[in-house]
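Listed below are the residues making up each chain.
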Amino acid sequence: MMGKSETLPTIWEIPDDLWDQIHPVILEMDPPKSTGRKRVHPRRVLDGIIFRMRTGCHWNRLPRELGDGSTIHLTFQRWVELRVLERIWAVLVEECEDRGLCSGSGRLPVAPWARRVLGDSVGRNPTDRGKAGSKRSLLVDGGGGPLSLVVAGANVHDTKLLAITPESIVVERPEAGTEHLCLDKGYDNPTGHEAVAAHGY
C-alpha cells in the first residue's frame, strides 16, 4: 500500500533522455521561424499533447501549467500535417528495437469500431443503424508496441484495411520470412490470404 508521502510519477512529461532524441526531429521538420511571434517551447507542447491523449480531456481543459490549449491544438494540427508525430513514433520504435523491447513476431491487426468521427475517414456503420463512424486497424509487435495505424470509414471491410495497414509501418520492416502475422478467424478468407501473401508474411 502506498504511503501518504508517496506520489505516482507523472505520465505526460517527456524524460530528458527521450527529449534529447525527439527534439532534433522537431527542429528538422518544424523549425522555428526567424520572424514573427516566438513559438511556445515544443517540449511543453508535446507534454500537452500527451496529456490530452492520456486523459481524453478537451484541448481547452488542459492544465494551465502545460500552456494555452488552443496553441497546443494548433501545433498538434501542424505537426500532423507535417508528419512530425509519425517521425517521432518511428524514433520511439527504433529506440525500443535498440533496447531489445520490440518483437517482430506475433504482429496483430485489430479493427475496433470507433463511435466518434475521426477527421474525414467516416462512413456509414452497417452494425449501428447506418450512423457515421470510423474504424481503426492497428498493427503491433509481439509485445504490443504499436507499429502502424490506419483509420477508415466504418463501412470499409476489415480485409481492405489488412491490405493497407502493413504499408503504414513507421519503421523499416525486417527481411522477408522473419515475421509472423497473427490474425483472427475473420481474416481467414481468400481476400485475407491474398493481402497477407502480398506483404510477405
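For the structure itself, look to the data block above.
Cut-offs and rules
Position numbers for residues count from 1 along each chain, tracking the sequence in the order it is written. This being a predicted model, a pLDDT of at least 70 is required before a residue's local features are given, and a value of 80 or more before pairs of side-chain atoms are given or counted; all residues contribute to the totals for chains, interfaces and linings. The basis for every side-chain value is the complete set of non-hydrogen atoms in the structure, without hydrogens or water. What counts as a helix is a DSSP run of H or I of at least four residues, what counts as a strand is a run of E of at least two, and both are numbered from the N terminus. Here's how the labels work: a residue is buried when its accessible area is under 20% of the maximum for its type, exposed when over 50%, partly exposed in between, all with a 1.4 Å probe on protein chains only. Contact criterion: two residues are considered in contact whenever any of their non-hydrogen atoms come within 4.5 Å of each other. Note on terminology: a nonpolar core comprises buried Ala, Val, Leu, Ile, Met, Phe, Trp, Tyr and Cys residues joined through side-chain atoms within 4.5 Å. Ring geometry is summarised as follows: Phe, Tyr and Trp rings, the Trp one being its six-membered ring, pair when their centres sit within 6.5 Å, and such pairs are stacked at plane angles under 30 degrees, edge-to-face over 60 and tilted between the two. Here, a salt bridge means any side-chain nitrogen of Lys or Arg that lies within 4 Å of a carboxyl oxygen of Asp or Glu.

**Q** Lay out the overall build of the protein chain with the relevant residues and their values.
**A** Counting its secondary structure elements, the protein chain contains 6 helices and 4 strands. Secondary structure elements of the protein chain occur, N-terminal to C-terminal, as α-α-α-α-β-β-β-β-α-α. For the protein chain, with 201 residues in total, the buried portion stands at 32%. Across the protein chain, contacts joining residues at least 24 apart in sequence account for 56% of those joining residues at least 6 apart.

**Q** An account of the environment of glutamate 65 is needed here, citing residue identities and associated values.
**A** The residue glutamate 65 is located in the loop between helix 2 (42-55) and helix 3 (69-82) in this model. Spatially, the C-alpha atom of glutamate 65 lies 9.3 Å from that of glycine 48, the residues being 17 residues apart in sequence.

**Q** Summarise the nonpolar core; cite the residues concerned and give the values.
**A** Core analysis: the biggest nonpolar cluster contains 19 residues, and Ile22, Ile26, Leu46, Ile49, Trp79 and Ile88 have the highest contact counts within it. If sequence neighbours within four positions are ignored, isoleucine 22 has contacts with Ile14, Leu46, Ile88 and Leu92. Membership of the second largest hydrophobic core comes to 12 residues, among which are Val93, Leu162, Tyr187 and Val196.

**Q** An account of unusual backbone geometry is requested, with residue identities and associated values reported.
**A** One non-glycine residue with positive phi stands out, namely arginine 83, at about 65 degrees. Summarising the element assignment, arginine 83 is placed in the loop between helix 3 and helix 4 (84-98).

**Q** Give me the lowdown on the packing of aromatic side chains, citing residues and values where you can.
**A** Applying the stated criterion across every chain, the model contains 1 aromatic pair. The interplanar angle of 40 degrees and the centroid separation of 5.3 Å between the aromatic rings of tryptophan 59 and phenylalanine 76 together place this pair among those described as tilted. Of the two residues, tryptophan 59 sits in the loop between helix 2 and helix 3 while phenylalanine 76 sits in helix 3, which places them 17 residues apart along the sequence.

**Q** If you had to explain the pattern of salt bridges to someone new, which residues and values would you point to?
**A** For the coordinates displayed, the defined rule picks out 6 salt bridges. Close ionic contact of arginine 83 with glutamate 86 constitutes a salt bridge, the shortest N to O distance being 2.9 Å. The class for arginine 83 is partly exposed, based on a relative accessible area of 48%. The partner of aspartate 188 in a salt bridge is lysine 185, and the shortest N-O contact between them spans 2.9 Å.

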